[in-house]
Amino acid sequence: MKKYASILAVLVLLLGVAALSYAAPAEIPSDTTAVIAKGKTQITLGGELRFRGFYGKNLKVKEDDTYADSQANYDYRVRLSLEAKVSPNTTGFVELESGEFKADNVTWGSQNGGGRGVYNLGNTKESNVTIRQAWIQYQGTGLLGVPAGIKVGRQLVKLGYGLFYDHTYFGDDAILVFVQPMKELTLAAFTIKWSEGPDPQKSSNINDDSTGYGILAAYAGKGFGLSADVTYVDDQKFTTPSNTDLLNLNLPSSYQNKNVPLHLWNFGLRGNIDDIAGTGLNFRADVEFQTGKVDASKVGAADLKFRGWAALAGLDYKFKAIPLTLTAEYAIGSGDNNPNDNKIKTFITALGNEQHYTFVYEFLAPTAANYAGNGTYTRTGLANTQYVKFGGAYDITNDLKAELYGYWLRAHKAVAINSSSATPDKDLGWEVDAKVTYKIDKGLTYWIEGGYFWPGDAYKVSPTKDADDAWAVRHGIQLKF
């Protein structure tokens, strides 16, 4: 009992001094010393401290000389994790995180109210503490005679390369069961709860939830891999949009802001080949198809049918003589050019708040999924977007690494992102991203990264006026332990 109390005291002390940390998902360094609990239970603590500074200019991609759109701030994030390996078959994991409920970082100076005196700013608490992960995993061979298991709780979920589904930013409440009939093959089924209706306290007995179900298979061969998955999204109370943003739907007023069932199917198929014929060349590919419908029969309208799709293909070449890796990649997600039909042809994505490919476009700037000309939405993934990427990563020394990538960006269907009066266009523009990382000490890393975006005609702010360039730079220091 005293040993358990000591472990709890250490955890509480770490929480009070540092408030949280990173281990996604619980990557434990081989030289980490574990805390030993009573019996054979092994407790391993891990964490991360991250501090960043950011500056961006014209991130709404309009007129830089007339539109005030500069952004500058510092932020921090703290994560703390505990892994309890109770037996060779049973593991529990908990990860706590600082931040806001919609972001994993806390902006410096974002809160006030704790200061007193004549100058009463500062001296205040500005962070929440939330549970990013909390799960139990059991794996054994007793019932089926082959490795099988179950993972229950709050966990990070990503399907394939994350084109359709990537919830590794905050995680989901999910149950995963899996079996390995052979060493190379894993079969799994999962369910995810996204929403327990608008008011869990009052509506738990009403069919108004949003739930996901899926099956997947992954085969890891010698030097290659194949995987496939099927995901079913069952949303019993989907609210139809009141404008054409994101889905490009021009719905009649009688059909707007109505709660109707949504049934979306996503099929994913992907593969990779590593070190082809010993050349150092790696290949990867991913295709996604969507079907299903928004059931509009309850409001007397025609059903809306999902018809989105996406694809990715990439090559990485790792030189044997020098520490250089070159990358060439093409990705595309479908868009919609007809708001008046009953088809949702935009590729539906379910992603997190992190960077998905480019540093300015999509991550910080409005995307080609802004059909209504309001330039509102970012981080929509490949929805109505295609890109060609080329660049490389070079290890200058063992501790210093540099990356440089260029992107050609184009909408799948023409769009006027900033102005409904401008002529829709497919030209999104060009972007160059760079990053330099320096390993200062064990677990301690400093980096600087940035991107410069030259917008195309899809960003015109009026029929005769082009948008100005956008750029951003960020640097940070991070300690993993």
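Conventions we followed
Residues numbered from 1 in each chain as written. Predicted model: local features only at pLDDT ≥ 70, side-chain atom pairs only at ≥ 80, totals over all residues. Heavy atoms only, no water. Helix = DSSP H or I, 4+ residues; strand = E, 2+ residues; numbered from the N terminus. Buried < 20%, exposed > 50% of the residue type's maximum accessible area, 1.4 Å probe, protein only. Contact = heavy atoms within 4.5 Å. Areas by Shrake-Rupley, 256 points an atom, 1.4 Å probe, with all protein chains shown as cover. 1 Å grid on protein atoms, 1.4 Å probe; cavity = no way out; pocket = protein on both sides within 12 Å on 5 of 7 lines; lining within 4 Å. Points joined across faces, edges and corners; volume = space filled by probe spheres on them. Nonpolar A, V, L, I, M, F, W, Y, C, P; charged D, E, K, R; others polar. Patch = residues over 30% accessible without salt bridge, like charges linked within 9 Å, V, L, I, M, F, W, Y side chains within 5 Å. Salt bridge = Lys/Arg side-chain N within 4 Å of Asp/Glu carboxyl O. pLDDT = per-residue confidence, 0-100. Core = buried A, V, L, I, M, F, W, Y, C linked by side-chain atoms within 4.5 Å. Phe/Tyr/Trp six-rings, centres within 6.5 Å; stacked < 30°, edge-to-face > 60°. Pairing = 2+ DSSP bridges. Polar contact = N/O pair within 3.5 Å; in protein donor to acceptor, adjacent residues only side chain to side chain.

Participant: For this particular structure, what's the right way to read the overall build of the protein chain?
Facilitator: Along the backbone of the protein chain there are two helices and 22 strands. The buried share of the protein chain, taken over its 481 residues, is 43%. By sequence separation, contacts in the protein chain at least 24 residues apart represent 61% of the contacts at least 6 residues apart. A total accessible area of about 24200 Å² is found for the protein chain, and carbon and sulfur atoms account for 58% of it.

Participant: Whenever I open this one, the layout of surface pockets confuses me. Can you help?
Facilitator: In this structure, the second largest pocket spans a volume of roughly 970 Å³. Around the second largest pocket, the lining comprises 37 residues; the ones closest to its centre are His167, Ile348, Thr349, Ala350 and Leu351. Among the secondary structure elements, those contributing two or more residues to the lining of the second largest pocket are strand E8 (166-182), strand E9 (185-195), strand E11 (224-239) and strand E12 (259-273). Per-element tally for the lining of the second largest pocket: the top contributor is E8, with six residues. Here the residues of the lining of the second largest pocket are counted per class, giving 20 nonpolar, ten polar and seven charged.

Participant: What is the right way to read a nonpolar patch on the surface from this model?
Facilitator: A cluster of nonpolar side chains, namely Phe51, Tyr74, Trp108, Val436, Tyr438, Ile440, Tyr446, Ile448 and Ile477, defines an oily patch on the protein surface of about 790 Å² accessible area. Per-element tally for the nonpolar patch: the top contributor is strand E20 (residues 425-441), with three residues. By secondary structure assignment, the location of Phe51 is in strand E2 (residues 42-57). By relative accessible area, which is 35% here, Phe51 ends up partly exposed.

Participant: Just to check I follow, could you spell out the confidence of the model for the protein chain for this structure?
Facilitator: Close inspection of predicted coordinates is inappropriate for parts of the model with low pLDDT. Per-residue confidence for the protein chain gives a mean pLDDT of 88, with 89% of residues at or over 70. Every residue in residues 1-30 scores below 50 in pLDDT, and together they form 58 contacts with partners more than four places removed in sequence or on other chains.

Participant: Help me out: how do you make sense of the nonpolar core in this one?
Facilitator: Generally speaking, soluble globular proteins have nonpolar side chains that are buried together. Membership of the largest hydrophobic core comes to 56 residues, with the highest contact counts inside it found for Val294, Ile344, Tyr361, Tyr387, Leu409, Leu428 and Tyr459. Of all the secondary-structure elements, those providing two or more residues to this core are E9, E11, E12, strand E14 (304-306), strand E15 (309-318), strand E18 (386-395), strand E19 (400-415) and strand E22 (470-480). For this core, the leading source of residues is E19, giving five residues. When near neighbours in sequence (up to four residues on either side) are disregarded, Leu409 contacts Tyr357, Thr358, Tyr361, Gln386, Tyr387, Asp427, Leu428, Gly429, Glu431 and Phe453.

Participant: It is not clear to me how the packing of aromatic side chains should be interpreted in this structure. Could you clarify?
Facilitator: Each aromatic ring pair is summarised here by two numbers: the centre-to-centre distance and the angle between the ring planes. Under the defined criterion, the tally for this structure stands at 19 aromatic pairs. Ring geometry for Tyr55 against Trp471: centres 5.4 Å apart, planes inclined by 45 degrees, an arrangement best described as tilted. Of the two residues, Tyr55 is situated in strand E2 and Trp471 in strand E22; the sequence distance between them amounts to 416 residues. Residue Tyr55 is classed as partly exposed on the basis of its relative accessible area, which comes to 31%.

Participant: Mind showing me how you'd approach the pairing of E8 here?
Facilitator: Side-chain positions along a regular strand alternate between the two faces of the sheet. Pairing geometry for strand E7 (residues 148-158) and E8, over ten bridges, is antiparallel. Considered in E8, the bridge of Lys158 is made with Asp166. Pairing analysis gives eight bridges linking E8 to E9, with the strands arranged antiparallel. In the sheet register, Phe178 faces E9, and the bridge partner there is Ala188. Connecting E8 to the next strand, E9, in antiparallel fashion are two residues.

Participant: Got a minute to help me understand the pattern of salt bridges in this structure?
Facilitator: A side chain of one charge can pair with a side chain of the opposite charge when the charged atoms of the two come close. For the coordinates displayed, the defined rule picks out 22 salt bridges. Across the salt bridge formed by Arg270 and Asp229, the nearest N and O atoms sit 2.7 Å from each other. Of the two residues, Arg270 sits in strand E12 while Asp229 sits in strand E11, which places them 41 residues apart along the sequence. Take Asp229: its relative accessible area is 5%, and that puts it in the buried class. Of the charged contacts, one joins Glu449 and Arg474 as a salt bridge, the two residues approaching to 3.0 Å between their closest N and O atoms. One end of the pair, Glu449, is in strand E21 (residues 444-455); the other, Arg474, is in strand E22, with 25 residues separating them in the sequence. Accessibility classification places Glu449 together with Arg474 in one group, the buried group. Among the ionic contacts, a cluster of salt bridges with common partners joins Glu48, Arg50, Arg77, Arg79, Glu95, Glu97, Asp104 and Arg132.

Participant: Got a minute to help me understand unusual backbone geometry in this structure?
Facilitator: The phi angle of most residues is negative, glycine excepted, and most peptide bonds adopt the trans form. Despite not being glycine, Ala277 shows a phi value in the positive range, around 55 degrees. Its place among the elements puts Ala277 in the loop between E12 and strand E13 (281-294). Residue class for Ala277 comes out exposed when judged on its relative accessible area of 77%. Within the chain, Asn384 stands out as a residue other than glycine whose phi angle is a positive 55 degrees. Checked against the element boundaries, Asn384 lands in the loop between strand E17 (343-344) and E18. The buried category is assigned to Asn384, whose relative accessible area is 0%.

Participant: How do you make sense of the environment of Leu176 when you look at a structure like this?
Facilitator: Considering the arrangement of structural elements, one finds Leu176 in strand E8. For the pair Leu176 and Ile192, spaced 16 residues apart in the sequence, the C-alpha separation amounts to 8.8 Å. In this structure Leu176 touches Gly149, Ile150, Lys151, Gln155, Ala188, Ala189 and Phe190, once residues within four positions along its chain are discounted.

Participant: Please clarify how the environment of Asp425 should be interpreted in this entry.
Facilitator: Secondary-structure assignment places Asp425 in strand E20. Taking the C-alpha atoms as reference points, Asp425 and Ala411, separated by 14 residues in sequence, lie 7.9 Å from one another. Residue contacts for Asp425: discarding those within four places in its chain leaves Ala414, Val415, Asp457 and Ala458. At 2.8 Å, the side chain of Asp425 forms a polar contact with the backbone nitrogen of Asp427.

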